[in-house]
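Here are the chains, one letter per residue:
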Amino acid sequence: MHRIVFAFLTLEQHLLAIRCTPQSYRPDACAHCGCGCLWGHGCYHRKADRSGDAELNPVPIPRFRCPSCRRTCSRLPLAICPRRWYGWALQQQVLLLLIAGASLRRTAAVFALGYHTVRRWWRWLNTSQTFVFHLRSRFAELGRCADSAEFWLTCFGQMPLCQAMAWLDHDGLTVP
Ligand SMILES: [Zn+2]
């Protein structure tokens, strides 16, 4: 299911869109049956604000319902990961430091993150061959990269991690 919308890099932009331009989240068609007129189906709420005061929580996530097959779907901005509590921007910074050669322990300390969280993200990046394959297929210039480190450096030079993940989500892959 295509859940990530190619817009709204910050929670503030997302909240403004929910209030002022909610139609920007409406899918063109149902991912299950192709019906072209999904209805707004309210919002569910989740925690997404990792700042110190977390004042934006709970964050509304818009839902839509297909009048034909009756299934519902939700839509996320680039600012929110489908399955991870931390945002893409922080993950990208962490991964860049690791690619540059910093140790897991050092990186965890720099970003005040748990060692196991950083290790999980690093392992994920280095075992995401399916993601690499799909991104290489879509962006020819990424096909020339020799190894994983060069691939992701080139990728991040062209688009932020959130956008790369949105493309994979668009291709039907399950992103974290
Ligand atoms: Zn449907």
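Residues numbered from 1 in each chain as written. Predicted model: local features only at pLDDT ≥ 70, side-chain atom pairs only at ≥ 80, totals over all residues. Heavy atoms only, no water.

- In the nomenclature of an unreviewed UniProt entry, the protein chain corresponds to DUF6431 domain-containing protein from the organism Cupriavidus laharis.

1. Some details on the nonpolar core
For step 1, the next point in the chain: Within the largest apolar cluster, 35 residues are counted, with the highest numbers of intra-cluster contacts made by Leu95, Leu135, Phe151, Trp152, Cys155 and Met165.
For step 2, the next point in the chain: With six residues, the top contributor of residues to this core is helix α7 (residues 161–170).
For step 3, the next point in the chain: In this view, Leu135 contacts Leu142, Phe151, Trp152, Cys155, Ala164, Trp167 and Leu168; residues no more than four positions away in its chain are not counted.
For step 4, the next point in the chain: With eleven residues, the next largest nonpolar core counts Ile18, Leu38, Phe64 and Cys73 among its residues. (Core = buried A, V, L, I, M, F, W, Y, C linked by side-chain atoms within 4.5 Å. Buried < 20%, exposed > 50% of the residue type's maximum accessible area, 1.4 Å probe, protein only. Helix = DSSP H or I, 4+ residues; strand = E, 2+ residues; numbered from the N terminus. Contact = heavy atoms within 4.5 Å.)

2. Remarks on the coordination of the zinc ion
For step 1, the next point in the chain: Taken together, Cys30 (SG), Cys33 (SG), Cys66 (SG) and Cys69 (SG) make up the full set of protein donors to the zinc ion, lying 2.3 Å away.
For step 2, the next point in the chain: Around the zinc ion, the four donor atoms are arranged such that angles at the metal cover 102 to 118°; this shape is classified as tetrahedral.
For step 3, the next point in the chain: Sequence spacing of the donors to the zinc ion: C-x2-C-x32-C-x2-C. Of this pair, Cys30 sits in the loop between α1 (11–20) and β1 (39–46) while Cys69 sits in the loop between β2 (59–65) and β3 (72–74), placing them 39 residues apart in sequence.
For step 4, the next point in the chain: You can call Cys30 buried: its relative accessible area is 7%.
For step 5, the next point in the chain: For Cys69, a relative accessible area of 28% puts it in the partly exposed group. (Donors = N, O, S within 2.8 Å, 3.2 Å for Na, K, Ca; no water. Tetrahedral: all angles 85-135°; square planar, octahedral: opposite > 155°, others 65-115°.)

3. Some remarks on the packing of aromatic side chains
For step 1, the next point in the chain: By the definition in use, this model includes seven aromatic pairs.
For step 2, the next point in the chain: Between Tyr86 and Trp121, the ring centres sit 5.5 Å apart and the planes meet at 80°, which makes this aromatic pair edge-to-face. With Tyr86 in the loop between β3 and α2 (88–99) and Trp121 in helix α4 (residues 115–126), the pair connects residues that are 35 residues apart, well separated along the chain.
For step 3, the next point in the chain: With centroids separated by 5.0 Å and ring planes inclined at 90°, the aromatic side chains of Phe151 and Trp152 adopt a geometry described as edge-to-face. Across the pair, Trp152 and Phe151 agree in class, each one buried.
For step 4, the next point in the chain: Feature note: the residues Phe6, Phe139 and Trp167 constitute an aromatic cluster, connected by ring pairs.
For step 5, the next point in the chain: We note Arg84 situated over the ring of Trp124; from NZ or CZ to the ring centre the distance is 4.4 Å. (Phe/Tyr/Trp six-rings, centres within 6.5 Å; stacked < 30°, edge-to-face > 60°. Lys NZ or Arg CZ within 6 Å of the ring centre and 35° of its normal.)

4. Overview of α7
For step 1, the next point in the chain: Most of α7 sits out of view: seven of its ten residues are buried.
For step 2, the next point in the chain: Listed as buried for α7 are Leu161, Cys162, Ala164, Met165, Ala166, Leu168 and Asp169.
For step 3, the next point in the chain: Those residues of α7 that are buried lie in contact with α2, α4, α5 (129–138) and α6 (148–158).
For step 4, the next point in the chain: Directly beyond the C-terminal end of α7, a positive phi value near 95° is found at Gly172.

5. A closer look at the packing of α2 against α4
For step 1, the next point in the chain: The contact between α2 and α4 brings their axes to 10 Å, and the two run at 75°. Between α2 and α4, the angle is such that the two are roughly perpendicular. Contacts from Leu90, Gln91, Val94, Leu95, Leu98 and Ile99 of α2 reach α4 at Val118, Trp121, Trp122, Trp124 and Leu125.
For step 2, the next point in the chain: When its residues are assigned to classes, the contact of α2 with α4 shows ten nonpolar, one polar and no charged. (Axes fitted to C-alpha atoms, helices over the stretch in contact; angles between N-to-C directions. Parallel < 35°, antiparallel > 145°, perpendicular 65-115°, else oblique. Nonpolar A, V, L, I, M, F, W, Y, C, P; charged D, E, K, R; others polar.)

6. With respect to the side chain of Arg3
For step 1, the next point in the chain: Along the polypeptide, Arg3 turns up in the segment before α1.
For step 2, the next point in the chain: As a buried residue without a salt bridge, Arg3 has its nearest oppositely charged side chain in Asp169, at a separation of 4.9 Å.
For step 3, the next point in the chain: Among residues more than four places away in sequence, those in contact with Arg3 are Ser74, Arg75, Leu76, Pro82, Arg83 and Asp169. (Lys, Arg positive; Asp, Glu negative; His and termini not counted. Salt bridge = Lys/Arg side-chain N within 4 Å of Asp/Glu carboxyl O.)

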